[in-house]
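# Summary of the model geometry
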Amino acid sequence: MARISFKSLAACILTLGLCVPAHAAEVEIQAGIFGGTLYQMSYALTEILKAYAPEIKATAVETNGTGMGITKASQAPERRIVAGTLIPVMEARAGVPPYKKAFTGLKLIGNMSENVQTLITFTPEIKTIDDLKGKRVGLGPKPTVLGHNHASIVSAASSDPKSIKFEYMNWGSMRDAMLDGSIDAMILCASTRQTPPWVPVAVYGELVASRGNPQFINIPAEAVDKASASDKVVYEVKAVPAGAIAANVPPADVPAWRELLGIYAFDELDDDTAYTIAKVLYEHCGDMATYSAAAKGVWPELVVPTVPDDMVHPGALRFYKEKGLR
């Protein structure tokens, strides 16, 4: 039998060791509704992780919104992460119903998109939120930010909020209801870009093709602040600039509010995995647009968290501090 010298054996072990990633993990991204912005961004993230951090095997799994994603992730926090919006995360961290306890260990890895929410109508006499008295307003599914949170903000701007008839539905149903007159106004979400044009949800293009450009309804900053105080959630004011969506659309700045979409994880996700996800997201987010047009709304500066340090996953925070970004 041939003998293998100690040096040869050591060399073989070293060679094999170099072929094995120093840190390997499998993560499941709770990605929201299939086809939605969160799902598209999650899929794009799995692809850039595959390219730049193959030791992390990530898959995107459909869930019914951020709330459901948080609940599912909490059941296996060491391997499940959440693609979600900041507002439900803050509600979950505070234990606001429907969450039965405070998920204080749920923290941000990095942002992936900034969406601005406003209202549109094709009815000429509707010019302000007070003109929505007795009218039907289409919003997203009730348990979501586009549902109950947006309703709270609109109500805060109305002198008679109980008279507004909120209809909660998905985007396809909302489009159909606007076209057949079943609703008088609807929420509009637009993903921001570093330079215009911003990108509204897909049904916006179908509405414009059928009805022309809509009228935008201002959401006053005072109403956003009032709803923040009432809901104990920080809603952030952000305007849609004139011409942000298309030439002369909107014709003037439209006061509105924003939400940030990001990747969140519980403390149980190990720090090295969180560090790597943050690093790949920050350094290679430009590649995400290869896999989804929705990912054109992410750039390195947006990825960096703006929330306090105690809301950032320790592993991700280590990366941002090493880069001098925090």
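Residues numbered from 1 in each chain as written. Predicted model: local features only at pLDDT ≥ 70, side-chain atom pairs only at ≥ 80, totals over all residues. Heavy atoms only, no water.

Here we come to the pairing of strand β6 (residues 165–168). Walk down a regular strand and you will see the side chains alternate between the two sheet faces. Here four bridges tie strand β5 (residues 136–139) to β6, and the two strands are oriented parallel to one another. If you follow Leu139 over to β6, its bridge partner there is Tyr168. For the crossover from β5 across helix α5 (residues 145–157) to β6, the handedness is right-handed. (Pairing = 2+ DSSP bridges. Helix = DSSP H or I, 4+ residues; strand = E, 2+ residues; numbered from the N terminus. Right-handed = clockwise from strand over helix to strand, strands pointing away.)

This structure, assessed with the given rule, holds 16 salt bridges. Across the salt bridge formed by Arg258 and Glu114, the nearest N and O atoms sit 2.5 Å from each other. Here Arg258, found in strand β11 (residues 257–266), pairs with Glu114, found in strand β4 (residues 106–121); they are 144 residues apart in sequence, far enough to count as distant. (Salt bridge = Lys/Arg side-chain N within 4 Å of Asp/Glu carboxyl O.)

Before going further, it helps to examine helix α11 (residues 314–322). Within the span of α11, buried status applies to Gly315, Ala316, Leu317, Phe319 and Tyr320. Contact partners of the buried residues in α11: β4, α9 (271–284) and α10 (300–303). Directly after α11, the chain includes Gly324, whose backbone phi takes a positive value near 75°. (Buried < 20%, exposed > 50% of the residue type's maximum accessible area, 1.4 Å probe, protein only. Contact = heavy atoms within 4.5 Å.)

Direction vectors running N to C along helix α2 (residues 37–52) and α9 enclose 100°, while the axes themselves pass 10 Å from each other. Relative to α9, the element α2 is oriented roughly perpendicular. Contact residues: α2 offers Leu45, Ile48, Leu49 and Tyr52, while α9 offers Ile277, Val280, Leu281 and His284. Within the contact of α2 with α9, the residues separate by chemical class into seven nonpolar, one polar and no charged. (Axes fitted to C-alpha atoms, helices over the stretch in contact; angles between N-to-C directions. Parallel < 35°, antiparallel > 145°, perpendicular 65-115°, else oblique. Nonpolar A, V, L, I, M, F, W, Y, C, P; charged D, E, K, R; others polar.)

Model confidence for the chain is summarised by a mean pLDDT of 91, while 93% of its residues fall at 70 or above. Segment residues 9–21 is flagged for pLDDT under 50; beyond a separation of four residues in sequence, or across chains, it makes two contacts in the model. (pLDDT = per-residue confidence, 0-100.)

All right, on to the packing of aromatic side chains then. The final tally for this structure, using the stated rule, is eight aromatic pairs. Each ring, one from Tyr235 and one from Trp257, has its centre 5.5 Å from the other, and the planes form 70°; the classification is edge-to-face. Pair noted here: Tyr235 is in the loop between α8 (221–231) and β10 (236–237) and Trp257 is in strand β11, with a separation of 22 residues, a long-range link. With a relative accessible area of 3%, Tyr235 lands in the buried category. A relative accessible area of 0% means that Trp257 is categorised as buried. Note on Tyr275 and Phe319: the rings are 5.6 Å apart at their centroids and 85° apart in plane angle, and the pair reads as edge-to-face. A residue pair is termed long-range when its members are at least 10 positions apart, and Tyr275 in helix α9 and Phe319 in helix α11 qualify at 44 residues. Following the ring pairs from residue to residue traces out a cluster consisting of Tyr275, Tyr282, Phe319 and Tyr320. (Phe/Tyr/Trp six-rings, centres within 6.5 Å; stacked < 30°, edge-to-face > 60°.)

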